Amino acid sequence: MNQNEILRTRAMQWLVFSLAAVLLLSGCSTNTSEHVTGLPGIQRAPSGGGGGGGGIAMPAPMRSHLWAPMPSYGGGFRGGLGEDSKGRAAGAVERALTGSEELWVIAKVQRAGPAASDEPGSGSLMAEVEGKHVPMPLKHTEVKATVSGYIGTVDVRQEFHNPYSGKIEAVYVFPLPHNAAVGEFIMTIGERRIRGIVRERKEAERVYREARSQGYVASLLTEERPNVFKQSVANIEPGKQIDVAIRYYNTLDYTDGWYEFVFPMVVGPRFNPSGVRDGVGAVPRGKSGRSGQATEVPYLAPGEYSSHDTALALEVDAGVAIEEFECRTHKISTKTTSPGRISVALADGGSLPNKDFVFRYRVAGGEMKSAFMTHRDDRGGYFTLMLYPPKEPLRLARQPLELVFVLDCSGSMNGAPLREAKAAIEQGLKLLQPGDSFQLINFSMSASQLGERPIEASPENIEAGLRHLRSLEAGGGTMMIRGIEAALDFPHDPERLRFVCFLTDGYIGNETEILRAIHQRLGASRIFSFGIGSSVNRFLLDEMAKAGRGAVAYLGVKDSAPEIMKDFFTRISQPAMTDVSVDWGGLEVSEVFPSAVPDVFVGRPVVLAGRFRGSAGTNIRVNGKAGGKAVQIEIPVLAGGSEQPALANVWARMKISSLSTEFIRRPDRELPEAIKQVALDYGLLTSFTAFVAVDSTRRTEGSEGTTVPVAVPVPEGVKYETTVTDTEGGEPGN
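A. Representation of the pairing of strand β6 (residues 138-148). Two elements, β6 and strand β7 (residues 151-161), share 10 bridges in a ladder whose sense is antiparallel. Across the sheet, the residue bridging to V143 is V156, located in β7. Between β6 and β7, which follow one another and run antiparallel, lie two residues, and G149 among them has a positive phi close to 70 degrees. Pairing analysis gives nine bridges linking β6 to strand β19 (residues 309-317), with the strands arranged parallel.

Spelled out as C-alpha cells, the structure:
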C-alpha cells in the first residue's frame, strides 16, 4: 500500500469514527426518556446524606452505555431567601447578594406517587478505559490568595464538567487549612451566579436531596473534618460545566522569623481502626463503599492520571520589607512590585495536585514585635493579637531532658517518609547530653520500645538506640492509640523535663479518640509533633501539640531532617514563657480565644482573638514567667490602627475551634448547639452546618444522574499499595 492509499484509509477511518460519535452522543442526549438496557455488573450507588457515590467503571470517550430508569417527580422550587430552622430570615445573606447573583431555596413538596429512592445515582455508566488517562468530572482548580499582615484571604474555584454521555453527580473530597473560616459559596452556571446559603447540616442535606431527585442543578458543601471537606454537585448534564467558588480566611503560621502560607491539595489516605465507621476511608477508583466509612476518598492507581490540575496565584503585602522567600514544594514564578509586596504563581500555570503548596517569607527587622489588628462593624469590635516571645530569650543552662521519640512505622510511612523521620531522630539522639535520658517507641498495629523505663543517654546506650532505629521498617495499620499509651503511661523521671516527640504523617480517621487520650494521659509531659511528608494531616498534628502544651514542626520531602531537629532542640533549650496573663489596658475585652493563653516558646508566637469595646489607643501588657523569672511584654495599640475586615470571621472560627476542643475533652450536648449557633450567626461552614445552592430556573432531563466520585492521586512520597483499601470492608496497610 503506497503513502496516498494509507492517507485515504486513515481519513476514511476518521470520518466513520466521527459519524459514529455524533450519532451515539445525540442518541444518549436526546432520547433520555427511553429505558436502555444496561450491561451486566452495573453497580448502583448506595443511599446516603450528601451524595456519597457508588463505584462505576470510568468511560472511554466513545464506548459508554447508560442505564437510567426515569421516575417522575412532582412539586417544584420557590425562589427567595427563606428562613432557617428557627424561623429567622436570612438577612445576612440578603445583604451579601449582588445584582448579578441569585439565591434559591427548595420548597418541600408532596409527591403524588411513591417516594423516590434516596440513592444518589439512579443510573450507572460502564465503559472501558483507554490507556492510562481517566476522565474525571473535576477539570481544574483555580486558587487566588492575598495576604495582608498575617491574615490570608483565599478564593478557590473548582471547575466541574461532564465528560460522559449521561447526567452525573460529582462528589469531590478535598482539603483546606483546618483554621479556614469558610464564609462564601457561589455556584456559577454559564452567566448565572447563585450564592449558597448556610443552614443546619441536616436541613441543607435535605434541600440538596430534594433538588437532586427533582432534576435541578444543586451543590452542597460539607465539613467532614476541620481540614477535610466534601463538595457534591448534582445533575451536571453531558458536556456542561458548573463552577463552584469558595472563599475562606485564616491566619498564617510564623516560625523563627518566617511567615508560612500553606494551601493543601490532596487528602492523604487514612487508616481507621476496627469498629470505626465515621472515619475517612481510602479506596481504589471505582470501588466506592469498600472502606465502610462515612466519608471516602477514591485514589488513582499507579500509572493512572486525570486532567485535573491546580493553578495558584498569591499576592503578599507584608507591610514591611520582605528580605527573603522560598518555596521548596513547587516551582514558582515571582514578581516583586515593592520591597514589601511580592506576587507568586505556580510555574507553567498549573500543577498536579498531589502535595501541599508551602510558601515562606522572612520580613525585615530580625525578631518580630507583637502585632495587634482590629475591625469594627455593626456587631461591635474584633481583634487579633499575635504574641511573640521576648526578643532576647533568657540565657540559662539547659535542664536535663527526658526525650521520648515515638515513630510511626505504619504502611503509609514506607519509603521516603520513614527515612526522613529516622534521620530526624538520629540527629536528636546525637544532640543528647550527659544527664539526659531517652526512650524510642515505634508503632503500627502495636507498639514496642527499648525498655520499660527511660534510658540514660550514655554513648553506649545512644549507639544501641541508633542500631535499633536503623532496623525499623514500615508496614501495617496506624494504631496511634498504642503509641499514645506507650509514650504517656510509663513512669516519668521527675528530675527531668519530659518531651514526647511524635513523628508521623497523621493519616488516621479517629482523631477525636487520639486527642481525647492525650488530654486524659498527658500529666507532666509536653508533646511536640513532627509532620512527616508532603501532604500530612495538619489538623491532627497541630491539635496534638496544642493539647500537649508543645509545638509542631513539618518535615517536607525537600526539608533537612537534621536542621528541623536542631531547631527543636534550640526551642526546648530555652525556657518557655508560662503562666501567661494579659492586662488589656483601656480595652474592654470579652470572649478571648483560646480562653487560656498557651505557653509561648522561643520563635513560636501565639495568636489570640477576641471582641472589644472602648478606645483602641492603649498599652497592652503581657505578663508571665520564664525560667522562674518574671517577664513582661508591652504592646502599644494605636487608635485607628491596622484594620482587617476579615477579623469577625477569624474570631468566629477561633471560637468554634475552642468549643470543638472543649467538646473533645468534655462531650456535652450543649456544645454542638453552641458551635452551630456561632456558625449560623456568622455564616460559616462547620461539621454542624453546610452550604447549599440550587438553580431553580429549569429541570434537567431525566432522573438523578450517576454519582461519580472524583479520584485523586496519592500524596507525593506515599505508596498506593500500602495505603488504599482493595477488599470489601477491609483496611489499608497504613
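Picking up after the structure, the text goes on.
B. Looking closely at the pattern of salt bridges. Per the stated rule, a full pass over the model turns up 47 salt bridges. The partner of R482 in a salt bridge is E485, and the shortest N-O contact between them spans 3.5 Å. With R482 and E485 both in helix α6 (residues 480-489) and three residues apart, this pair spans about one turn of that helix. The class of R482 is partly exposed, set by a relative accessible area of 35%. Owing to a relative accessible area of 25%, E485 belongs among the partly exposed residues under this scheme. Taken together, the shared-partner salt bridges connect E260, E326, R328, D356, R360, R538 and D559 into one network.

C. How the structure looks around the sheet that holds strand β24 (residues 371-377). Strand order across the open sheet formed by four strands is β24-β25-β35-β34, with antiparallel pairing between neighbours. The sheet is open, and its two edges are formed by β24 and β34 (588-593), each paired on a single side. Ignoring which end each strand starts from, the neighbouring axes of this sheet average 25 degrees apart. Pairing analysis gives four bridges linking β34 to strand β35 (residues 606-613), with the strands arranged antiparallel. Among the inter-strand pairings, S590 is bridged to a residue of β35, identified as R611.

D. Structural view of the environment of G506. Position of G506 among the secondary structure elements: in the loop between β30 (497-504) and α7 (511-521). On the basis of relative accessibility, which here comes to 0%, the residue G506 falls in the buried class. Between the C-alpha atom of G506 and that of F271, which follows or precedes it by 235 residues, the distance is 9.3 Å. With sequence-adjacent residues up to four places away left out, G506 is seen in contact with R270, M480, N537 and L540.

E. Region of the structure containing the packing of helix α10 (residues 647-665) against helix α11 (residues 670-682). Between α10 and α11, the least distance of the axes is 9 Å, while the angle of their chain directions is 170 degrees. On the basis of the axis angle, α10 is roughly antiparallel to α11. Taken together, the residues of α11 that come into contact with α10 (itself represented by A648, N649, W651, A652, K655, I656, L659, S660, E662 and F663) are L671, P672, A674, I675, V678, A679 and Y682.

F. Focus on the packing of aromatic side chains. Here the structure, examined in full by the defined rule, presents 21 aromatic pairs. With centroids separated by 5.1 Å and ring planes inclined at 70 degrees, the aromatic side chains of F528 and F568 adopt a geometry described as edge-to-face. On the criterion of sequence distance, the pair formed by F528 in strand β31 (residues 526-532) and F568 in helix α9 (residues 561-573) is long-range, its members being 40 residues apart. The pair F528 / F568 is uniform in exposure class, with both members buried. Ring centres 5.5 Å apart and planes at 80 degrees place the aromatic pair F530 and F568 in the edge-to-face group. Of this pair, F530 sits in strand β31 while F568 is found in helix α9, placing the two residues 38 residues apart along the sequence. Here F530 and F568 have matching classes, each one buried.

G. Structural view of the side chain of R653. Among the structural elements, R653 can be located in helix α10. Engagement of the side chain of R653 in a polar contact is seen with the backbone oxygen of L685, the distance being 3.2 Å.

H. The pairing of strand β25 (residues 380-387), seen in detail. Among the eight residues in β25, seven count as buried, and that is most of the element. Pairing geometry for β24 and β25, over seven bridges, is antiparallel. Within β25, the residue paired with H375 across the bridge is Y382. Counting the residues that bridge the hairpin from β24 to β25 gives two residues. With seven bridges joining them, β25 and β35 adopt antiparallel strand pairing. Looking at β35, one finds that L385 is bridged to L608.

Basis of the calculations
For every chain, the first residue of the written sequence is number 1, and numbering continues from 1 onward in sequence order. Only residues with pLDDT of 70 or above have their local features reported here, since the model is predicted, and side-chain atom pairs are shown and tallied only from 80 upward, although totals for entire chains, interfaces and linings are computed over all residues. Only heavy atoms go into the side-chain values, all of them from the structure, while hydrogens and water stay out. At least two DSSP bridges between two strands are needed for those strands to be called paired. What counts as a helix is a DSSP run of H or I of at least four residues, what counts as a strand is a run of E of at least two, and both are numbered from the N terminus. Counted as salt bridges are all cases of a side-chain nitrogen of Lys or Arg within 4 Å of a carboxyl oxygen of Asp or Glu. Buried means the residue's accessible area, taken with a 1.4 Å probe over protein chains only, is under 20% of the maximum for its type, while exposed means over 50%, and partly exposed covers the values in between. Axis definition: a line fit to C-alpha positions, over the contact stretch in the case of helices; interaxial angles, taken between N-to-C directions, run 0 to 180 degrees. We call two residues contacting when some pair of their heavy atoms lies within 4.5 Å. To sort the angles, those under 35 degrees are grouped as roughly parallel, those over 145 as roughly antiparallel, those from 65 to 115 as roughly perpendicular, and the leftovers as oblique. Aromatic pairing here means that ring centres of Phe, Tyr or Trp (its six-membered ring) are within 6.5 Å. Orientation follows from the plane angle: under 30 degrees is stacked, over 60 is edge-to-face, and everything else is tilted. Between N or O atoms, a polar contact is any pair within 3.5 Å; within protein, one atom must be a potential hydrogen donor and the other a potential acceptor, and residues adjacent in sequence are included only when both atoms are from side chains.

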